[in-house]
Amino acid sequence: MSLDWIYWAISWVLLRWHSAWDAIGVSENAVLGTNWSWILAIIFLVVTLRVILFPLFVKQIKSQRAMQALQPQLKALQEKHKGDRETLQKEMMELYRKEKANPLMGCLPIFLQAPVFIGLFHVLRRLDPAKTQKTLYGWSVEQFESATHARLFDVPIAGKFGSSAAELARLNASGVSVKILAGVLVAIMIATTYLTSRQMILKTGWAEDPQQRMIQRLMLYGIPASLLVSGAIFPIGVVIYWVTNNLFTLGQQQWVLRKYPPPQTAPRLPKPGESAPRRTTGAGGGAGRRGTDSRNPVQPGKPAKPAGRFGRSKANGAQPEKPAVDTKALAPKPGAKPVNPKKGRPAKRQG
């Protein structure tokens, strides 16, 4: 099966974005050693793809929620048909059909992105001055020459970690610079690929179904590990696409998971005859002061014991506070002689 239609589609989107950035004044000349019109064209190729796939991404989240809700029933089927794998598979497929859950929906967006990645890889791999068919897939000679010399921090986007000396000479690039930038970008690509899978698994939880759990492990560990080897053959432009796609996925997943949160477990209800748990007072909370103190509960028919200073009772060893003195009651009545003599007055002599 020919993939030319994919190469044409990717080239069309990439060239349209490059023309758009050129039209609004993004210079073709390098700024900070970077031809931003081509870098932004690759970044917005990702944006275009993610906007198209967004409805499928939402369906993926909903399907994973449905699969998560079916975990108790799947576990019961595994216990019921233990040792009978054929019957277990039939029962599970019937359950999926009945509940309208698709276990493959979780991988569908990745499968749909694969042709785009392959197309971009093929298109950017052709950016070699030695190529003779420069107008293939709708490119003009001027666009081909411009993309061939496009750079990111003085490193050509057509270069890769494993570029040969002949390829580097045609691209007028330094092998050390290419390896350093490609190595850093591949490391970021591996880390962000791992984080996107980890973010989803932490929010949805590990599946009980062995097949689903195997897919989760493959996405979490297998794909990042494979990039450690295959990243050496990816052009830097393709790695830019992959990193941008991962960063976009991280933000998109965070938004969707917040909008469609995973089902929360219901709080445990008290058993028949079991009293509801008593609230304890918070440390200095206003509501806790008005509530019942667990350290000095008030029993029906008995007055509450007075609390000592700092809230400690007498039983805890604290001294009770002295009652307040009514100064108004001790004041002398108008016209009455003072009871005690004033200080400093000499005592009367004995005659």
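Reading guide: rules and limits
Residues numbered from 1 in each chain as written. Predicted model: local features only at pLDDT ≥ 70, side-chain atom pairs only at ≥ 80, totals over all residues. Heavy atoms only, no water. Helix = DSSP H or I, 4+ residues; strand = E, 2+ residues; numbered from the N terminus. Areas by Shrake-Rupley, 256 points an atom, 1.4 Å probe, with all protein chains shown as cover. Axes fitted to C-alpha atoms, helices over the stretch in contact; angles between N-to-C directions. Parallel < 35°, antiparallel > 145°, perpendicular 65-115°, else oblique. Contact = heavy atoms within 4.5 Å. Salt bridge = Lys/Arg side-chain N within 4 Å of Asp/Glu carboxyl O. Buried < 20%, exposed > 50% of the residue type's maximum accessible area, 1.4 Å probe, protein only. Phe/Tyr/Trp six-rings, centres within 6.5 Å; stacked < 30°, edge-to-face > 60°. pLDDT = per-residue confidence, 0-100. Arc of directions from axis to C-beta. Polar contact = N/O pair within 3.5 Å; in protein donor to acceptor, adjacent residues only side chain to side chain. Left-handed = near helix turned anticlockwise from the far one by under 90°. Nonpolar A, V, L, I, M, F, W, Y, C, P; charged D, E, K, R; others polar.

In this section: the overall build of the chain. Secondary structure assignment for the chain yields 12 helices and 2 strands. When the helices and strands of the chain are listed from N to C terminus, the series reads α-α-α-α-α-α-β-β-α-α-α-α-α-α. Roughly 23400 Å² of accessible area belongs to the chain as shown, and the carbon and sulfur atoms make up 61% of that amount.

Turning to the packing of helix α2 (residues 36-69) against helix α3 (residues 71-80), a few remarks are in order. Two numbers describe how α2 lies on α3: the axes approach to 4 Å, and their chain directions differ by 50 degrees. Compared by their axis directions, α2 and α3 come out oblique. Where α2 abuts α3, its residues Met67, Gln68 and Ala69 lie against Gln71, Pro72 and Leu74.

Let's shift gears to the pattern of salt bridges. Throughout the structure, instances matching the rule amount to 4 salt bridges. Between glutamate 86 and lysine 90 there is a salt bridge whose closest N-O contact spans 3.8 Å. Of this pair, glutamate 86 and lysine 90 both sit in helix α4 (residues 85-99), 4 residues apart, which is roughly one turn of the helix. Judged on exposure class, the residue glutamate 86 and its partner lysine 90 are both exposed. The partner of glutamate 145 in a salt bridge is lysine 134, with the nearest N and O atoms 2.5 Å apart. Here glutamate 145 is found in helix α6 (residues 141-148), whereas its partner lysine 134 is found in the loop between α5 (108-125) and α6, with 11 residues between them in sequence. Looking at lysine 134, the relative accessible area reads 19%, which means it is buried.

A full pass over the atoms with the stated rule returns 12 aromatic pairs. Ring geometry for tyrosine 194 versus tyrosine 221: centroids 6.4 Å apart, planes at 40 degrees, classification tilted. Of this pair, tyrosine 194 sits in helix α8 (residues 175-204) while tyrosine 221 sits in helix α9 (residues 210-230), placing them 27 residues apart in sequence. Accessibility expressed as a relative area gives 29% for tyrosine 194, which makes it partly exposed.

So, on to the confidence of the model for the chain. On average, residues of the chain score 76 in pLDDT, and 70% of them reach the 70 mark or higher. Confidence, expressed as mean pLDDT per element, reaches its minimum in the chain at helix α11 (residues 286-290) with 43 and its maximum at strand β2 (residues 155-156) with 93. Low pLDDT, under 50, characterises residues 265-272; the predicted model gives this stretch 1 contact beyond four residues in sequence or across chains. Scored below 50 in pLDDT, residues 279-299 shows 11 contacts in the model against residues more than four places distant or in partner chains.

The backbone of aspartate 154 sits at a positive phi, close to 65 degrees, despite the residue not being glycine. By relative accessible area, aspartate 154 is classed as exposed at 54%. Within the chain, asparagine 172 stands out as a residue other than glycine whose phi angle is a positive 55 degrees. Mapped onto the elements, asparagine 172 comes out in the loop between α7 (165-170) and α8.

Now for α3. Given 3.6 residues to a turn, an α-helix orients residues that are three or four positions apart in the same direction. Listed as buried for α3 are Gln71, Leu74, Leu77 and Gln78. Considered in projection along α3, the buried side chains sweep an arc of 120 degrees and stay on one side of the axis. Relative to its buried face, α3 has exposed residues pointing more than 90 degrees away, namely Pro72, Glu79 and Lys80. Where α3 is buried, its residues contact α2, α4 and α9.

This brings us to the side chain of histidine 122. Tracing the chain through its elements places histidine 122 in helix α5. A polar atom in the side chain of histidine 122 sits 3.1 Å from the side chain of tyrosine 137. In this view, histidine 122 contacts Tyr7 and Tyr137; residues no more than four positions away in its chain are not counted.

Let's shift gears to the packing of α2 against helix α10 (residues 236-259). Contact geometry of α2 with α10 gives a least axis separation of 9 Å together with a crossing angle of 40 degrees. Our classification of the angle between α2 and α10 gives oblique. Note on packing geometry: the crossing formed by α2 with α10 is right-handed. Between α2, through Ile39, Ile42, Ile43, Leu45, Val46, Val47, Leu49, Arg50, Phe54, Phe57, Ile61 and Arg65, and α10, the contact on the second element is made entirely by Gly237, Ile240, Tyr241, Thr244, Asn245, Phe248, Thr249, Gln252, Gln253, Trp255, Val256 and Leu257. Its residues assigned to classes, the contact of α2 with α10 shows 16 nonpolar, 6 polar and 2 charged.

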